[in-house]
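# Structural characterization, general
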There are 2 protein chains.
Amino acid sequence: MKKTIITNGTFITLNEVQPIVRGCMVWEDNQITYIGEHAPLPLEQYDEHINGKHKLFMPGLVNTHGHAAMSLLRGYGDDLALQVWLQEKMWPIEGKFTAHDVRVGTELSILEMIKGGTTAVVDMYDHMNEVALAVEQSGMRGVLTRGAIGLCPPDVQDAKLAEAVQFAKDWHNKAGGRITTLMSPHAPYTCPPDFIERFVQAAHDLQLPMHTHMSETAREVQENFEQYGSRPVAHLEKLGMFTRPTLVAHAVHLTDEEIQILKKYDVRVSHNPGSNLKLASGVARVPELLKEGIKVSLGTDGPASNNNLDMFEEMRLAALIHKGVTGDPVAVPAEAALRMGTLEGAQSIWLEQVGALQPGMKADFIALDIDQPHFFPKTNYISHVVYSASAKDVTDVWVEGKQIVKNSECLTLDEEKVLYEAQRCFERLTGQ
Amino acid sequence: MKKTIITNGTFITLNEVQPIVRGCMVWEDNQITYIGEHAPLPLEQYDEHINGKHKLFMPGLVNTHGHAAMSLLRGYGDDLALQVWLQEKMWPIEGKFTAHDVRVGTELSILEMIKGGTTAVVDMYDHMNEVALAVEQSGMRGVLTRGAIGLCPPDVQDAKLAEAVQFAKDWHNKAGGRITTLMSPHAPYTCPPDFIERFVQAAHDLQLPMHTHMSETAREVQENFEQYGSRPVAHLEKLGMFTRPTLVAHAVHLTDEEIQILKKYDVRVSHNPGSNLKLASGVARVPELLKEGIKVSLGTDGPASNNNLDMFEEMRLAALIHKGVTGDPVAVPAEAALRMGTLEGAQSIWLEQVGALQPGMKADFIALDIDQPHFFPKTNYISHVVYSASAKDVTDVWVEGKQIVKNSECLTLDEEKVLYEAQRCFERLTGQ
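Predicted, not measured: the structure shown is a model, and the values here were computed from it. (Residues numbered from 1 in each chain as written. Chains lettered and ligands numbered in written order. Predicted model: local features only at pLDDT ≥ 70, side-chain atom pairs only at ≥ 80, totals over all residues. Heavy atoms only, no water.)

Any two side chains of opposite charge can pair, given that their charged atoms come close. For the coordinates displayed, the defined rule picks out 56 salt bridges over all chains. Ionic pairing is found between Asp 78 of chain B and Lys 278 of chain B, a salt bridge with its closest N-O pair at 2.6 Å. Here Asp 78 of chain B, found in the loop between strand E6 (61–63) and helix H1 (82–94), pairs with Lys 278 of chain B, found in helix H9 (residues 273–278); they are 200 residues apart in sequence, far enough to count as distant. Among the residues examined, Asp 78 of chain B registers a relative accessible area of 13% and is labelled buried. On the basis of relative accessible area, Lys 278 of chain B is assigned to the buried category, the value being 2%. Residues joined by salt bridges that share partners form a network here, namely Arg 141, Lys 362, Asp 364 and Glu 400 of chain A. (Salt bridge = Lys/Arg side-chain N within 4 Å of Asp/Glu carboxyl O. Helix = DSSP H or I, 4+ residues; strand = E, 2+ residues; numbered from the N terminus. Buried < 20%, exposed > 50% of the residue type's maximum accessible area, 1.4 Å probe, protein only.)

Now the structure itself:
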C-alpha cells in the first residue's frame, strides 16, 4: 500500500468544522487517511513526500452535466437560440459523428477538464463505449450514460434502449470503480412518454439512477403543457421517473410547486449557468432551490454551448449571476458555489466518498499555484478560488490517489496527438 | 527606427473588412506599418523577426474603469451589498492607505492586468502620483484621474480639487504619451452639486474629458431623485457635465429617456458586468445602449469587487449575461463583446490610435498560446477569444511597440517583490 504525504500545504477541506487546514495530508493508495497540522509519522516512513509550499490543495471539481464529444463543434454555431442551434447546427453534424469522432472529441474535453481541475464528470452521449474507454484511459472519474432521443421508429427506439442498458451493465463500477452508469432518456421534449417509462423500468431493473434534460427553455415547458397537459416536472413524476434517484440538468423554468415536487423526491439539479446564459435559456432559481435544501451541483454542458469546460468559471457564474439578477448580494455566497462545484456535486451523482479532503474520502484532489497576483493578498482562499481562480491555475491533479496531471502536463493522454486528431475530425465532418 | 516583423501569425485585426489575417505584421518603433499575407521586405531587413506560429495576436485589452490599488483588499469583504461593503469594509481600511500602499496595490493590479493582456486602463483613485509612477514603470497605457469624494468641509473640497487639477496637469500626455488624464468627481451621491460644477469648470479650463460613477444601484438613483428632484443623468446634465466629453461607469439603472440623453451628448458607458453582478447592483441595459450607437466599453472595477482583473472574463460576461437575462441569444454577439473590450474601449477613452491591428495604429497588442485544448478545433477565433480564453492564455504583450511581457514573464516590474510587499501592506492595514 503506497503511502504519500504532502507537507507545508494549504488545504480547502470542504469540512465545515475546519474549512482551511495548513499543514499535511496523507493518503494510502486511493484513500485519504489524515489531514492536519503535523505529519503523523517521520517523513522517511512515507513512500512519497511532496512539498506543498506555494500550493493550494482542494477537492477535484465535479462537472455534473456534459456532452464531452461536442468539443469537436466548439465555435461552430454561436449566438443562436437553443432550438435553432440544435436543429440547424449541432444535430446535422452530430449525426455524422463516428465512434472515432466521439473518442477524439471526448479526449479533447477530458484533457481540458483534467488539466483544469475537474476530476469527475457526468457524460451523456452516443457511442458511449468510446467515452468510457477515454475516461478509463484518462484516469478521471466518470458517471456515464447513453442519452437516447426517442423521436424515431419503434425498432430504433428498441435498439437505443437495448444499447443504453447494455452500456450501463457493461461499465457500471468498472475502471477500478472510477466509472459508474445512469439511465437517460434525453428529455421530455425528445422522448415519447412510453419511451421514458421503459427507461424508468430499465433503471429499476438495473438499480441505477436516472439523468435527463428538463425545463431548459420556456418554449419547451410551454410545449410540454400543450402536448401533455402538464409541465415537465409533473409529467416526469407521472411517468415514474422520480421513483428512481434522479439528476435533472438545467431546471431553469420552475414554479414553486415544481420545486416542492423536486424536493419531495430528492431530485438533484445540475445547474449549468454558462450554457443557460449563452443559449439565452434564462437564469435558474438556484437561491430558492438551495433554500429548500435541494442538492444543486454545477455542469458545463457541452463545450459547443459554453464554450469552455472551466469549472471555476461555472462556480463563479453561479456565485455572480444570482446576486445580480435577484438583487440579493448574498444570494449564492462563495462558499455555496464552492460546495456546488465539489462536495455537493459529488453527492448529487451518488459519489459519497468524493468531494472533501478528510480521512475516509477518496484521494481525488487538485493543486493550484497561488503565487500569482490574482491570489494576493493571501486572505480568504475560498473567495479567491471562487472569484479569482481559473482552470489554468491548476498545476497537479490526483484521482483515486494517482497523479494524472503533473506541473500542468497530462500524464495519461497524448495531448499533441489528441489536438491533431480533433482538428482532422472537425475538418472531415464539416467538409473543410 | 526599430523595425520588427511577426511571420506565420494569426491576427484578429478588429478591422471589419478583414477581421482575420493569416501572415505577417510589421511595426516600426511604436506604430504598425503593415499587416497582410506576405512579408513586405526580405526578413533580413528587419531588426527583429518573431515567428508567430502557434500564436494568436490581437489588440491589447482596454479596461475602462478601475481602482487598481484596491487589489490590497481582494477577498476582504465579499458577498455584501454595495453600500455596506463600501461603508463598513472598504472605506475604513482605504482611509488608512498610504502613498506606499497605493503604489504597491497598483503594481499588484498592473502585474495581473498586463500579464493577462490588458494594455490600457482607466484608473480613478487617490495618491494618483503613485499610480502614474507605477503605470509609467510598467510600460502599459493609463488614463488616470484623481477621483474626489466631496462629502467634506469646504477647505478639504478645495484641496481635493486642487490636487485633481495639479495631477491632471502634471501627467497629461506624459510617459511618452502613454499617460493621459481626466477630471473625476467620484459620483453624484458622493459629491454636492457645486463640487461637481467646479470639476466641470476645471475640465473646461484644462480641456480634459470627465469620468464619474453613475447610476450603479437602484438605491442611489432613488436617493438622487429624493434629494435633487431628478435622476442622476438629468442631474449631471443640469450640472453641465456633459458639456465636456464624458465617460460614466456602471450606468446600470437607466430609463429610455436617460439613454436618449446619453446618446445626445455622446456620453460613453463603461459596463462593469462582473462588479455589477457581485455587488448585486443589477444588469445594465447594454443591448439597448448598443442599439442606440452609444459607445460601450468594459471595466473590471476595483479588484475587491470582482475579484480578478481578467478582461477576457468581462468580455465573456458581457456576451453571456445579456443573452440570459433578455432571452435574446444574439443580444450581445461575441464580436460585439470583443469590440467593447478592444477598439470601442480605446475610442471610449479618447485613444484614437489604439484597439485595432492596422497600419497607422499604435503597436499595442498581445499574443495568446492557442495550442491548447480549449482553442480546438481551430474554427472561429473571435468566438474562442470571447467564449473560451482567459487571461492566462496570454504569453506576450507589447505596448507602443515595446515588449512588456515575454513568455508570461513581466519584463518591467519585479513580480516577486510586488507580491511580497502586497502581503505586508495588507497585514499592516488590517492589523494581522
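Moving on to the domain arrangement of chain A. All names here are of chain A. For chain A, the assigned domains are domain 1 (3–59 + 361–410) and domain 2 (61–348). For the pair domain 1 and domain 2, the two sides together bury roughly 2,300 Å², of which 69% comes from carbon and sulfur. In terms of surface lost to domain 2, no three residues of domain 1 exceed Leu 14, Val 386 and Tyr 387, which account for 27% of the buried area on that side. For Arg 141, the salt bridge is made with Glu 400, and the minimal N-O distance between the two is 3.1 Å. The interface formed by domain 1 and domain 2 contains seven residue pairs in polar contact (both at pLDDT 80 or more). Listed by contribution, the elements that provide at least two residues to the side of domain 1 that touches domain 2 are strand E5 (55–59), strand E15 (365–369), helix H14 (381–387), strand E16 (394–399) and strand E17 (402–406). Counting residues per element, the side of domain 1 that touches domain 2 draws most heavily on H14, at five residues. A per-class count over the side of domain 1 that touches domain 2 returns 20 nonpolar, four polar and four charged. (Domains from an automatic or database assignment. Buried area = accessible area lost by both parts, 1.4 Å probe. Polar contact = N/O pair within 3.5 Å; in protein donor to acceptor, adjacent residues only side chain to side chain. Nonpolar A, V, L, I, M, F, W, Y, C, P; charged D, E, K, R; others polar.)

All right, on to the relation of the copies chain B and chain A then. You can overlay chain B on chain A at an RMSD of 0.0 Å; the transform is a turn of 180° with a shift of 0.0 Å along its axis. The transformation just described matches what one would write down for a two-fold rotation axis. Among all C-alpha atoms of chain B, that of Lys 392 of chain B lies closest to the rotation axis, at 3.2 Å. Interface overlap between copies is the fraction of interface residues in one copy that are interface residues in the other; for chain B against chain A it reaches 100%, indicating a shared surface. (Least-squares fit on C-alpha atoms with pLDDT ≥ 70 in both. Contact = heavy atoms within 4.5 Å.)

Residue and element names in this part refer to chain A. With 18 residues, helix H4 (residues 154–171) should cover 26 Å at 1.5 Å per step; its first-to-last C-alpha distance of 26 Å lies within 8% of that length. Of all the positions in H4, only Gln 157, Lys 160, Leu 161, Ala 164, Val 165, Phe 167, Ala 168 and Trp 171 are classed as buried. Down the axis of H4, the sector holding all buried residues measures 160°, keeping them to one side. In this structure, the buried side of H4 is in contact with helix H3 (128–138), strand E8 (141–148), strand E9 (179–181) and helix H5 (193–206). (Expected span 1.5 Å × (residues − 1). Arc of directions from axis to C-beta.)

Turning our eyes to something else, we now look at the UniProt feature "domain: Amidohydrolase-related" (unreviewed entry) in chain A. Here the UniProt feature "domain: Amidohydrolase-related" (unreviewed entry) sits at residues 58–403 of chain A. Its end C-alpha atoms 14 Å apart, residues 58–403 of chain A is made of 43% helix and 16% strand. (UniProt positions renumbered as here; feature names shortened; annotations may be inferred.)

Time to look at the sheet that holds strand E14 (residues 296–298) of chain A. Residue and element names in this part refer to chain A. Taken in spatial order, the four strands line up as E11-E12-E13-E14 in an open sheet, and their pairing is parallel. Bordering the open sheet on either side are strand E11 (210–214) and E14, each of which pairs with just one other strand. Across this sheet, the average inter-strand angle for adjacent strands is 30°, counted without regard to direction. Across the sheet, helix H11 (residues 311–326) lies against strand E13 (268–271) and E14, angled at about 130° from E14, the strand it touches most. Sitting on the sheet, helix H12 (residues 334–341) is in contact with E13 and E14, with an inclination near 75° to E14. (Pairing = 2+ DSSP bridges. Axes fitted to C-alpha atoms, helices over the stretch in contact; angles between N-to-C directions.)

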